[in-house]
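# A structural walkthrough
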Amino acid sequence: MNLTERITRQFTESIRVKQEAMNLAVPLAAACEAMTNSLIGDGRILACGNGGSAADAQHFAAELIGRFEEERQGLAAIALTTDSSILTAVGNDYGFEEVFARQVRALGRADDVLLAISTSGNSANIVKAIAAAQANEMTVVALTGNDGGTIGAMLRPEDIHLCVSAKRTARIQEVHLLLIHCLCDGIDNLLLGA
């Protein structure tokens with residue numbers, strides 16, 4: 001296979017995984033409603049992930065605090081991935097598995113939503129963050145891949161699971177970005193109208 005064919009295969013695979021992910025429209029709409037209800041009720045959305053998923057958490061928070069496609073007031077969102085002093089202090093004192101859970105326990109309230117992103121569904125620090133959010137009676141919206149892993153198994157009926165049924169991390173992350181943009185668009189639509 002030459003390089004052009006390899007590149008074409010990347011596009012074809014990405015399109016296929018995105019088309020298959022359209023079956024997430026119903027839980028995605030529920031996630032938009034849960035997040036919007038939280039924001040209307042003076043709640044906020046906390047977001048976390050590792051690596052590319054950390055970047056996705058930050059991207060999501062930036063779209064809410066700034067704007068997505070329409071002008072509106074800033075919306076309360078916090079990326080738990082951005083404060084290097086907190087991350088290094090908690091990582092050093094309590095272990096890396098606690099870097100998000102400790103923040104969720106300190107900042108999360110019952111009216112808040114945790115956006116937890118893990119392509120594998122098995123990230124230990126995301127699992128602990130979800131457990132902390134559930135203990136704080138927060139709603140959890142989990143973006144995972146593969147079969148959902150540990151995270152898929154630990155979610156409650158009131159939580160929302162957006163699982164991309166793909167094995168390759170790149171494909172999962174591409175769909176996660178699309179899901180994040182759908183969340184932003186859905187929140188804006190519910191707040192501002194079509």
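An account of the accompanying structure is given in this report. (Residues numbered from 1 in each chain as written. Predicted model: local features only at pLDDT ≥ 70, side-chain atom pairs only at ≥ 80, totals over all residues. Heavy atoms only, no water.)

Enumeration over the complete set of coordinates arrives at zero disulfides. For the unlinked cysteine C163, the closest cysteine sulfur is that of C182, found at 16 Å. Between C182, a cysteine without a disulfide, and C32, which holds the nearest cysteine sulfur, the sulfur-to-sulfur distance is 7.4 Å. Owing to a relative accessible area of 31%, C182 belongs among the partly exposed residues under this scheme. (Disulfide = S-S within 2.5 Å. Buried < 20%, exposed > 50% of the residue type's maximum accessible area, 1.4 Å probe, protein only.)

Here E63 shows up in helix α3 (residues 52–65). It turns out E63 is buried and unbridged, and the closest side chain with the opposite charge, R72, is 6.5 Å from it. With residues up to four places along the chain from it excluded, the contact list for E63 reads F68, R72, H181 and C184. (Helix = DSSP H or I, 4+ residues; strand = E, 2+ residues; numbered from the N terminus. Lys, Arg positive; Asp, Glu negative; His and termini not counted. Salt bridge = Lys/Arg side-chain N within 4 Å of Asp/Glu carboxyl O. Contact = heavy atoms within 4.5 Å.)

Think of two packed helices as two axes; the pair is described by the angle between the axes and how far apart they sit. The geometry of helix α1 (residues 3–20) relative to helix α8 (residues 169–192) is characterised by a closest axis approach of 10 Å and an angle of 50° between their N-to-C directions. Classified by the angle their axes make, α1 and α8 are oblique. Read as a crossing pair, α1 and α8 show a hand that is right-handed. Residues Q10, E13, S14, V17 and K18 of α1 touch α8, and the partners they reach there are R171, E174, V175 and L178. Of the residues assigned to the contact of α1 with α8, the class counts are three nonpolar, two polar and four charged. (Axes fitted to C-alpha atoms, helices over the stretch in contact; angles between N-to-C directions. Parallel < 35°, antiparallel > 145°, perpendicular 65-115°, else oblique. Left-handed = near helix turned anticlockwise from the far one by under 90°. Nonpolar A, V, L, I, M, F, W, Y, C, P; charged D, E, K, R; others polar.)

Attention now moves to the environment of D147. In this structure, D147 sits in the loop between β4 (139–145) and α7 (149–154). Under the relative-accessibility criterion, D147 is labelled exposed at 65%. Sequence separation between D147 and G121 is 26 residues; the distance between their C-alpha atoms is 7.7 Å. At 3.0 Å, the side chain of D147 and the backbone nitrogen of G149 are in polar contact. (Polar contact = N/O pair within 3.5 Å; in protein donor to acceptor, adjacent residues only side chain to side chain.)

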